[in-house]
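Chain by chain, the residues run as shown.
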Amino acid sequence: MPSKVEGWKDEVYGTEVRERLFEFAEEGWEAIPEDEHDAWFERFKWWGLYHQRNGQESYFMMRIGTPNGVLEPGQLRTVAEIADEFARGPADNPEFGGAYCDWTTRQSIQLHWIRIEDVPAIFEKLEANGMSTIQACGDSWRNIVGCPVAGKDEHEHIDAWPIAEELHEEFKGNDAYSNMPRKWKVSVTGCDQGCGQGDINDLAFEPARKEIDGEEITGFNVRVGGGLSRKEPRFARDIDVFCTTEEASDISAGMSALFRDHGNRDNRFNARIKFLVDEWGPEKIRDTLQEQYIDYELRSAGEDLRENYTYNAGHDEVHGDHVGVHEQPDGNYYVGLNVLVGRMGAADALELADLAQQYGSGEVRLTQRQNVILTDVPEGNLDDLLAEPLLEDYSPDPHPFMRGSIACTGTEFCSLSIVETKNRQVRYARWLKDNVELPADTTDFHVHLSGCTASCAQPQIADISLRGMKSRKNDGVVEAFDIGLGGGLGENPHFADWIEMRVPADEVPGYIGNLLDVFEAEREDDESFRDFIAARDEEELGDLADPEETDYEDPYMHNTKQTWYPYAEDDDMEGRPTPARADGTPISADD
Amino acid sequence: MTIEVHTLDDGAWISVNNERRISVSQLWRLATHDFCPCEEADVLVEAFREVGVSYPDIEARIVGECIGCGTDGVTGWVVVGRAIDGEFYSVVPESVHFPG
């Protein structure tokens, strides 16, 4: 039997939701019939609006999809102005203030505390500047990801940016693919370093070459069914298909139609295509694609470039996470800046937009590690750009613990999360930087913190993976983490092995410190952390180090999910200032 | 009186009559269960897999992990609340529950 969500989608979904969304915006929050809240909030996701968690009723997270993370000149300023004007809630965040932008692991943008009454004005401003929230959430084609410096990179097999743009144009707002069984995540990568992270996407185009009629053609190999959610991570499976750049659209249409028609609509828990690939196997996926969706003969896979992949491969990263100063093929430079946990205050984002305009082309790009890149900077502008005060906070040469820290949204706003995330990861990174030594040759070290098994911070592909948990300590329930080790991508990607379970959050920094002491003492020559972990079995890994309390202090050990906002002076759910009218005045139950 | 129950946001909530009532992230104690070897399981709710009504009980199958022994999986049906005359009454997660 189709799920409840499928019933709601059958009634109204996709582009037609917008009309009702605008009517509600015009009439105000209270116009949404209470007995239709759940249905409308599910539908609003398609337009990038996600109702914030319990205690924050009437406020929404808004996601803006920026294909391949590309913000064209002027667009960052638009986003920052919207954040400054509209993304302010009833309480400030102690680390980030009252208005901020989140750069996500899928090269998108998230704003919080958005009121439905403001949505038409926000949409108007976004659309006037070439941006949209369309299909940023919901059961549809999500933001297309790829190498964030596509078209600007010296390590490029194919410039994948035009293809990402083409797919974005074709599949956003396309009624034929607007109602999928579940989300549909696509990666298009032309870079020969592997930084599109295709392995963890539903559909991945990876650089390849194939001899066709005596001529070597550059194109893509196709993989299907990757993803990290639940405790069921999968790397995308090779379906033995090569396509040219011109055919990427056909393959995309075919694969997404296959998922649309054959994906599980009865059980959302098992609806992602990774489970269909489990059930059918790659061969049946390929056969069905050929027989039902593609009207020419599919080519077998070409020669891939995976053995050259260096991105998050545990060694010898060439351009690594794109942080730092790197030359473009045209002689200009791109400058990647570290944004700790991907969150930037609106004022800083406005200043960054100015710097992009002043020193580069105005274009800014977002990476899958929650960082930003200013592109097209002439060599003569580099020194002045690097001397800008803003770059003291968003460094092109950050400490490895600052550089490698990724965190999802967490209980601050997210319904699924078990624990607080971003502010905690900021505190972890600072403490580790001040207290823990990394070997001098270790410049890249990934600590990914995810609040739950949805894995939005991509914990399974980090050196140290933190996944939100609970534990009992001193007769109380505390926020905690499962800790995994040794994950990463590259030619032979590997999910982290879960080694220390249910570690109270205030003992995690001590554990990492103890672990890295052992790594420094016992590693062989220049052995990488990933290799060090891979060389040991589970029992040995469990014996490497113990969690430990240190002078690290964690203000979020209590059940942050049971507060209306974890950082509010009075965080008690009973005293929440929500739901609220457009001017922020709370609506009481008696109104 | 009809009771409308369903899960929301990938199983993050149980909604009762269009109001988010029961959330993930709580610990539920289970007795006489086959979820794990512990006499009394201490299950962190990571998602609600299914929800149903056996009037007046609202029941759910919980996806979670016992923080006592580390076993993870899906529980049997657990009473997570009651709806009487249209009013929702929560149960206390930390009290002991007996899955059906």
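Small disclaimer: the values here were computed from a predicted structure and weren't measured.

A. Structural view of a negative patch on the surface. Residues and elements named next belong to chain A. A surface patch of like charges, here negative, comprises D497, D537, E538, E539, E540, D543, D546 and E548. When residues in the negative patch are grouped by element, the largest group, 4 residues, is from helix α17 (residues 538-544). For E539, the location among the structural elements is in helix α17.

B. A look at the environment of R530 of chain A. Residues and elements named next belong to chain A. Relative to the helices and strands, R530 is located in helix α16 (residues 529-534). A relative accessible area of 10% means that R530 is categorised as buried. Each C-alpha atom of the pair R530 and G486 lies 4.7 Å from the other, and the pair is 44 residues apart in sequence. Ignoring sequence-local partners within four residues, the contact set of R530 consists of N312, A313, G314, D463, G486, G487, G488, L489, N492, P493 and H494. Only 2.8 Å separates the side chain of R530 from the backbone oxygen of L489, close enough to count as a polar contact.

C. Local environment of the interface of chain B and chain A. Counting residues at the interface gives 31 residues for chain B, matched by 36 residues for chain A. In total, about 2,700 Å² of surface goes out of reach between chain B and chain A, with carbon and sulfur atoms giving 45% of it. Contact with chain A buries surface across chain B, with D10, N18 and R20 of chain B losing the most and accounting together for 24% of the total. A salt bridge links R472 of chain A to D42 of chain B; the shortest N-O distance between them is 2.5 Å. In this structure, the connection of chain B to chain A is made through 20 residue pairs in polar contact (both at pLDDT 80 or more). Elements with a contribution of two residues or more to the side of chain B that touches chain A: β1 (5-8), β2 (13-16), β3 (19-23), β4 (27-30), β5 (41-54) and β6 (57-66) of chain B. Element by element, the count of residues in the side of chain B that touches chain A is highest for β5 of chain B, at 6 residues. Taken together, the residues that form the side of chain B that touches chain A break down as 13 nonpolar, 7 polar and 11 charged.

D. Representation of the domain arrangement of chain A. Residues and elements named next belong to chain A. Domain annotation for chain A reports domain 1 (4-128), domain 2 (156-308) and domain 3 (403-558). On a C-alpha basis, the centres of domain 2 and domain 3 stand 31 Å from each other. In this complex, domain 2 contributes 12 residues to the contact, which on the side of domain 3 involves 13 residues. Where domain 2 abuts domain 3, roughly 1,200 Å² becomes buried across the two surfaces, and 66% of that area is made up of carbon and sulfur atoms. Where domain 2 touches domain 3, the interface holds 0 salt bridges. Each residue belonging to the side of domain 2 that touches domain 3 can be placed in one class, and the counts come to 4 nonpolar, 2 polar and 6 charged.

E. Up close: the sheet that holds β1 of chain B. Residues and elements named next belong to chain B. The 3 strands are arranged β1-β2-β3 in an open sheet whose pairing can be described as antiparallel. One side of each edge strand has no neighbouring strand; the edge strands of this open sheet are β1 and β3. Averaged over all neighbouring strand pairs, the angle between strand axes comes to 35°, with direction disregarded. Across 4 bridges, β2 lies against β3 in antiparallel orientation. Residue pairing across strands places I14 opposite I22, the latter belonging to β3.

F. Focus on unusual backbone geometry. Geometrically, the link from T578 of chain A to P579 of chain A is a cis peptide bond, its omega value of -5° lying close to zero. Note that P579 of chain A resides in the segment after α17. Note that the residue after Y55 of chain B, namely P56 of chain B, is joined by a cis bond; omega there is 5°. Phi angles above zero are rare outside glycine, and S455 of chain A is one such case at about 65°. Along the chain, the position of S455 of chain A falls in the loop between β18 (447-450) and β19 (464-473). Judged by its relative accessible area of 5%, S455 of chain A is buried.

G. Broad picture of helix α10 (residues 346-359) of chain A. Between the first and last C-alpha of α10 of chain A there are 20 Å, a value that for 14 residues agrees with the 20 Å anticipated at 1.5 Å per step. Along α10 of chain A, the positions that sit buried rather than exposed are A346, A349, L350, L352, A353, L355, A356 and Y359 of chain A.

H. Structural context of the pattern of salt bridges. Under the counting rule described, the total for this entry stands at 55 salt bridges over all chains. The closest approach of N and O atoms between E57 of chain A and R20 of chain B, which form a salt bridge, is 3.2 Å. One end of the pair, E57 of chain A, is in the loop between β1 (49-51) and β2 (59-65); the other, R20 of chain B, is in strand β3, on a second chain. When its relative accessible area of 14% is taken as the criterion, E57 of chain A is described as buried. In this structure, the salt-bridge partner of D354 of chain A is R77 of chain A, at a minimum N-O distance of 2.6 Å. Of this pair, D354 of chain A sits in helix α10 while R77 of chain A sits in helix α4 (residues 75-86), and the two are 277 residues apart along the sequence.

I. Region of interest: the packing of aromatic side chains. All names here are of chain A. Under the definition given, this model contains 32 aromatic pairs over all chains. Between the aromatic rings of Y13 and W46, the centroid separation amounts to 6.5 Å while the plane-to-plane angle is 65°, which identifies the pairing as edge-to-face. Here Y13 is found in the loop between α1 (4-11) and α2 (17-27), whereas its partner W46 is found in the loop between α3 (37-44) and β1, with 33 residues between them in sequence. Y13 gets classed as buried once you look at its relative accessible area, which sits at 7%. Ring centres 5.8 Å apart and planes at 50° place the aromatic pair F22 and F123 in the tilted group. On the criterion of sequence distance, the pair formed by F22 in helix α2 and F123 in helix α5 (residues 119-128) is long-range, its members being 101 residues apart.

J. Summary view of the side chain of R467 of chain A. All names here are of chain A. With respect to the secondary-structure elements, R467 resides in strand β19. For R467, a relative accessible area of 5% puts it in the buried group. The contact partners of R467, leaving out residues within four places of it in the chain, are K231, S450, C452, T453, A480, F481, D482, W498 and M501.

Cut-offs used in this document
Residues numbered from 1 in each chain as written. Chains lettered and ligands numbered in written order. Predicted model: local features only at pLDDT ≥ 70, side-chain atom pairs only at ≥ 80, totals over all residues. Heavy atoms only, no water. Patch = residues over 30% accessible without salt bridge, like charges linked within 9 Å, V, L, I, M, F, W, Y side chains within 5 Å. Areas by Shrake-Rupley, 256 points an atom, 1.4 Å probe, with all protein chains shown as cover. Salt bridge = Lys/Arg side-chain N within 4 Å of Asp/Glu carboxyl O. Lys, Arg positive; Asp, Glu negative; His and termini not counted. Charge placed at Lys NZ, Arg CZ, Asp CG, Glu CD. Helix = DSSP H or I, 4+ residues; strand = E, 2+ residues; numbered from the N terminus. Buried < 20%, exposed > 50% of the residue type's maximum accessible area, 1.4 Å probe, protein only. Contact = heavy atoms within 4.5 Å. Polar contact = N/O pair within 3.5 Å; in protein donor to acceptor, adjacent residues only side chain to side chain. Buried area = accessible area lost by both parts, 1.4 Å probe. Nonpolar A, V, L, I, M, F, W, Y, C, P; charged D, E, K, R; others polar. Domains from an automatic or database assignment. Pairing = 2+ DSSP bridges. Axes fitted to C-alpha atoms, helices over the stretch in contact; angles between N-to-C directions. Expected span 1.5 Å × (residues − 1). Phe/Tyr/Trp six-rings, centres within 6.5 Å; stacked < 30°, edge-to-face > 60°.

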